[in-house]
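Now for the letters of each chain:
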Amino acid sequence: MRIDNSSSPVLKRSREIERGPDKENVSSESSPAKHDDRVQLSSLSQALLSPTDPQRLQALHDTVQSGAYQPPASQISDVLIQEMFE
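Keep in mind it's a predicted model, so treat the numbers as computed, not measured.

Basis of the calculations
Residues numbered from 1 in each chain as written. Predicted model: local features only at pLDDT ≥ 70, side-chain atom pairs only at ≥ 80, totals over all residues. Heavy atoms only, no water. Helix = DSSP H or I, 4+ residues; strand = E, 2+ residues; numbered from the N terminus. Buried < 20%, exposed > 50% of the residue type's maximum accessible area, 1.4 Å probe, protein only. Areas by Shrake-Rupley, 256 points an atom, 1.4 Å probe, with all protein chains shown as cover. Patch = residues over 30% accessible without salt bridge, like charges linked within 9 Å, V, L, I, M, F, W, Y side chains within 5 Å. Salt bridge = Lys/Arg side-chain N within 4 Å of Asp/Glu carboxyl O. Expected span 1.5 Å × (residues − 1). pLDDT = per-residue confidence, 0-100.

> Which residues make up the overall build of the protein chain, and what values go with them?
Counting its regular elements, the protein chain contains four helices and zero strands. When the helices and strands of the protein chain are placed in sequence order, the string is α-α-α-α. Burial statistics for the protein chain: of 86 residues in total, 1% are counted as buried. Accessible surface computed for the protein chain: about 8,700 Å², of which carbon and sulfur atoms make up 54%.

Laid out in structure tokens, this is it:
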């Protein structure tokens, strides 16, 4: 047995979603120009976006390729722990 209740709040909301917002009910405050959204980049992202010295990058590349790059173990463990808990 099926009972339809057209005055159900769920049905009303589902019909509103299907129709889209009424032009009368849309306030001017909801326009994208009024919002003040902001994005904050992590320090790593900022470092990657900043201009870098090609000579410095080449020196780092050469050091890594030769196997001479030895970062401190404490620095590596700090980064690993930060990544695990973020």
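> Describe a nonpolar patch on the surface, listing the residues and the values that go with them.
A grouping of Val39, Leu41 and Leu49 is seen on the molecular surface, where their side chains present a nonpolar patch of about 340 Å² in accessible area. The topology assignment puts Val39 in the loop between α1 (9–19) and α2 (43–49). Residue class for Val39 comes out exposed when judged on its relative accessible area of 76%.

> Mind laying out helix α3 (residues 54–66), listing which residues take part and the relevant values?
Here α3 is 13 residues long and its end C-alpha atoms lie 18 Å apart, about the 18 Å a rise of 1.5 Å per residue gives. Positive phi appears at Gly67, one or two residues downstream of α3, with a value of about 85°.

> If you had to explain the confidence of the model for the protein chain to someone new, which residues and values would you point to?
Averaged over every residue, the pLDDT of the protein chain is 75; the share at 70 or more is 62%. Of all secondary-structure elements in the protein chain, the lowest mean pLDDT belongs to α1, at 64, while helix α4 (residues 73–85) reaches the highest, 91.

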